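Breakdown of the fold
Read off the chains here:
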Amino acid sequence: MAIQTTYTHARAKLDSILDMVTKNREVVIIQRRGSEDVALITADELAGIMETAHLLRSPNNARRLLAALDRARKASGASQTIDELRNEVGFE
């Protein structure tokens, strides 16, 4: 769950809020009077979200990824070595 704070409090405690975001992987929502709220997250979290959105944009790719996730959760897939995987996808 995201932590919420006001713009005034965030401005006064910016250093400690940024530390909380980076150290604890917390999301902080800054509420601004008369303007849209803004979220603070770490840059690598944002990159991960953007990459996930990109990968799921294609319906076919989304189905493949979700099916693979389902197999991984059920532990129903077969284990492979890196070399076996390279051979399978043609990266010999």
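This one's a predicted model, so the numbers in the text were calculated from it and none came from an experiment. (Residues numbered from 1 in each chain as written. Predicted model: local features only at pLDDT ≥ 70, side-chain atom pairs only at ≥ 80, totals over all residues. Heavy atoms only, no water.)

**Re unusual backbone geometry**
For Arg 25, which is not a glycine, the phi torsion comes out positive at approximately 55 degrees. With respect to the secondary-structure elements, Arg 25 resides in the loop between α2 (14-24) and β2 (28-31). (Helix = DSSP H or I, 4+ residues; strand = E, 2+ residues; numbered from the N terminus.)

**Topic: the nonpolar core**
Counting residues in hydrophobic clusters, the biggest one holds five residues: Ala 10, Ile 17, Val 21, Val 28 and Ile 30. When residues of this core are traced back to their parent elements, those giving at least two are α2 and β2. The residues touching Ala 10, leaving out its near neighbours within four places in the chain, are Thr 5, Ile 17 and Ile 30. (Core = buried A, V, L, I, M, F, W, Y, C linked by side-chain atoms within 4.5 Å. Buried < 20%, exposed > 50% of the residue type's maximum accessible area, 1.4 Å probe, protein only. Contact = heavy atoms within 4.5 Å.)

**Thoughts on the pairing of β2**
Note: strand β1 (residues 3-6) against β2, four bridges, orientation parallel. Bridged to Thr 5 within β2 is Ile 30. The sheet contact formed by β2 and strand β3 (residues 38-40) spans three bridges and is antiparallel. Across the sheet, the residue bridging to Val 28 is Leu 40, located in β3. A loop of six residues connects β2 with β3, the two strands running antiparallel in sequence, and Gly 34 in this loop sits at a positive phi of about 80 degrees. (Pairing = 2+ DSSP bridges.)

**A closer look at the packing of helix α3 (residues 43-57) against helix α4 (residues 59-74)**
In contact at an axis separation of 5 Å, α3 and α4 are set at 110 degrees when each is read in the N-to-C sense. If you check the angle between α3 and α4, you find them roughly perpendicular. The residues of α4 that touch α3, namely those facing Leu 55, Leu 56 and Arg 57, are Pro 59, Asn 61, Ala 62 and Leu 65. Split by residue class, the contact of α3 with α4 holds five nonpolar, one polar and one charged. (Axes fitted to C-alpha atoms, helices over the stretch in contact; angles between N-to-C directions. Parallel < 35°, antiparallel > 145°, perpendicular 65-115°, else oblique. Nonpolar A, V, L, I, M, F, W, Y, C, P; charged D, E, K, R; others polar.)

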